[in-house]
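Each chain, written out:
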Amino acid sequence: MSLYKNLFKQTLIYGLATVLPRMLSFLLNPLYVDQLPKQEFADVSIVFAWLVFFNVILSYGMETAFFRFFNSEEDKKKVISTATVSIFWSSLVFLGIALLYRKALADWSNINVEYVTYTIWILALDALVIIPFSKLRAEKRPLFYAVIKIGNVLINVAFNLFFLLVLPKLAHNNPDGIFSTFYYPGFEVGYIFISNLIASLATFVVLSPDYLKLNWKFDWALWRKMMNYGFPILLAGLAFAINEHFDKILLEKLDVPKSEIGAYAACYKIGMFMVLFRTAYTLGIEPFFFSHASNENAQQTYATITKYFVIFGSFICLFVIVFVDLLKQVLVPNASYWEADKVVPLIVLANFFLGIYTNLSVWYKLIDKTKIGAYISIIGAFVTLGLNYILIPQFSYYGSAIATIAAYGTMMVISFRMGQKKYPIPYDINRILGYLGLTILFSAISFYIPYVRENYLLKIVLLSAFLYFIYHNEKDTLLRIIKRRS
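Colleague: What is the right way to look at the packing of aromatic side chains in this model?
Modeller: All chains considered together, the criterion is met by 33 aromatic pairs. With centroids separated by 6.0 Å and ring planes inclined at 50°, the aromatic side chains of phenylalanine 218 and tryptophan 223 adopt a geometry described as tilted. Taken together, a centroid distance of 4.8 Å and an interplanar angle of 50° make the contact between phenylalanine 319 and phenylalanine 323 tilted. For phenylalanine 323, a relative accessible area of 15% puts it in the buried group. Each member of the aromatic cluster is reached from another via a ring pair, and the members are Phe48, Tyr115, Phe159, Phe162, Phe163, Tyr184, Phe187, Tyr191 and Phe193.

Structure (structure tokens):
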């Protein structure tokens, strides 16, 4: 059980490093909804969608490659220096070229050139801390990792609150004061990007000693191996970005009104609870998978972990959908945005499918067949693009939500079927499908049947019945754990 306790400890700390910052950043969604018209909220969402694409490009799979070779190579310092030097110079080259052509980028993307400039700097600074953060995870320093991640978001949230709430009042109350000199009415979107830039700069400053301590040695042979390993992950990352964020860009390109895009992007955030769980889990599990790959009972360990991921994920899924009408009042406090709340069950389930896929994808990483992961993600991207083009003209943003769940469901099924042929893992299929099926059934009942949706007593009964179902199936394991602790 020590393996599971160690995994739980790492996942808990990385979870705090991810969930707590994201919870704090949830403050920004109500703030943006309150301060921005839906059209401007759509602008912010579209720019952040582009940010995700370029983040993937600037990391080019080096983060996962770093973990792979940090665990397999005897000379750890060589892996650290080679990966760091690679990211450092690629980031500087990007920064120079992007700033040089920022006007052309602004014209091409139909984004204000000022926002493009801020975005370029954010991307470069975030890329420069990829390996320092990875190094903290590889060296099992989750507490320091958590402090920096949480600090980044606290700074971001604080400056957002200052620029959007405090600064306008200070400038209004004292028109001739210093605050009025850098307050520009109507520049709310710009202040959002400035806040992100300040947070990224602060993070880089804290982690910059890694660059001062580096020996700056670069091993070309090792770099080529890392690039060969990481390139398929780059393709998979781009495909993931398409699955996760390209819908906002496509909605605009297919002439969906920005007011609808803004409502969709705001309600999409309610589904982020499942993203928080999935992200925290992934941060803890990826180093664990690699470090325990040589264990005699590795396959059984992965099977057990996957089952319990499905159990926890199913409960989170059902909980969010049962209480969606309460959550939206907190996270999307402007009723004019609620027209898009119908996408929430699809988005939550889609991210649950993606979490299951993350578990199932361990096989191709362990046998160094990351190209397969890229192929699966590309298939998912084609499903996303195809269904978006087909469904958006008819169903608007609801078509994008359908495309998302279809893409992740397809990836999940393909990975399972291929994995069982290449690297068999004894998953408890019956129980996993039982938990998944009951979650979908209870979610549909609680959300789509009006009488049940309006009756919280009935919904709590459904949630309690699901918990009893878990207890009934897992009571033997739970009793063993309780006895062992006693």
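Colleague: What is the right way to look at the environment of phenylalanine 218 in this model?
Modeller: Structurally, the position occupied by phenylalanine 218 is in the loop between α11 (209-213) and α12 (220-253). Along the chain, phenylalanine 218 and isoleucine 80 lie 138 residues apart, while their C-alpha atoms are 9.5 Å from each other. Excluding residues that lie within four positions of it along the chain, phenylalanine 218 makes contacts with Thr82, Val85, Ser86 and Trp223.

Colleague: Would you explain a positive patch on the surface in this entry?
Modeller: A contiguous patch of positive charge, built from Lys369, Lys371, Arg417, Lys421 and Lys422, is present on the exposed surface. Broken down by element, the positive patch gets its largest block of residues, three residues, from helix α20 (residues 397-422). Inspection of the secondary structure assignment puts lysine 369 in the loop between α18 (362-366) and α19 (370-395).

Colleague: Looking at this structure, how should I read unusual backbone geometry?
Modeller: Most peptide bonds take the trans configuration, and most residues that are not glycine carry a negative phi. At tyrosine 60, a position not held by glycine, the phi torsion is positive, near 35°. Tracing the backbone shows tyrosine 60 in the loop between α3 (38-59) and α4 (62-72). Located in the positive-phi region is tryptophan 216, a residue other than glycine, with phi close to 60°. For tryptophan 216, the location among the structural elements is in the loop between α11 and α12. Look at tryptophan 216 and you get partly exposed, because its relative accessible area is 36%.

Colleague: Got a minute to help me understand the packing of helix α15 (residues 298-322) against helix α17 (residues 344-360) in this structure?
Modeller: Any two packed helices are characterised by the angle at which their axes cross and by the distance between the axes. Between α15 and α17, whose axes approach to 10 Å, the crossing angle comes to 170°. Between α15 and α17, the crossing angle belongs to the class labelled roughly antiparallel. Residue-level contacts link Ile305, Thr306, Phe309, Val310, Gly313, Ser314, Cys317, Val320 and Ile321 of α15 to Pro345, Val348, Leu349, Phe352, Gly355, Ile356 and Asn359 of α17.

Colleague: What's the story with the packing of α17 against helix α21 (residues 429-448) in this structure? I'm lost.
Modeller: Look at α17 against α21: their axes get within 11 Å of each other, and the N-to-C directions meet at 170°. Taken together, the axis directions place α17 and α21 in an arrangement best described as roughly antiparallel. Taking contact as the criterion, the partners of Pro345, Leu349, Phe352, Phe353 and Ile356 in α17 are, on α21, Leu436, Ile440, Phe447 and Tyr448. In terms of residue class, the contact of α17 with α21 is built from nine nonpolar, no polar and no charged.

Criteria and cut-off values
- Residues numbered from 1 in each chain as written.
- Predicted model: local features only at pLDDT ≥ 70, side-chain atom pairs only at ≥ 80, totals over all residues.
- Heavy atoms only, no water.
- Phe/Tyr/Trp six-rings, centres within 6.5 Å; stacked < 30°, edge-to-face > 60°.
- Buried < 20%, exposed > 50% of the residue type's maximum accessible area, 1.4 Å probe, protein only.
- Helix = DSSP H or I, 4+ residues; strand = E, 2+ residues; numbered from the N terminus.
- Contact = heavy atoms within 4.5 Å.
- Patch = residues over 30% accessible without salt bridge, like charges linked within 9 Å, V, L, I, M, F, W, Y side chains within 5 Å.
- Areas by Shrake-Rupley, 256 points an atom, 1.4 Å probe, with all protein chains shown as cover.
- Salt bridge = Lys/Arg side-chain N within 4 Å of Asp/Glu carboxyl O.
- Lys, Arg positive; Asp, Glu negative; His and termini not counted.
- Charge placed at Lys NZ, Arg CZ, Asp CG, Glu CD.
- Axes fitted to C-alpha atoms, helices over the stretch in contact; angles between N-to-C directions.
- Parallel < 35°, antiparallel > 145°, perpendicular 65-115°, else oblique.
- Nonpolar A, V, L, I, M, F, W, Y, C, P; charged D, E, K, R; others polar.

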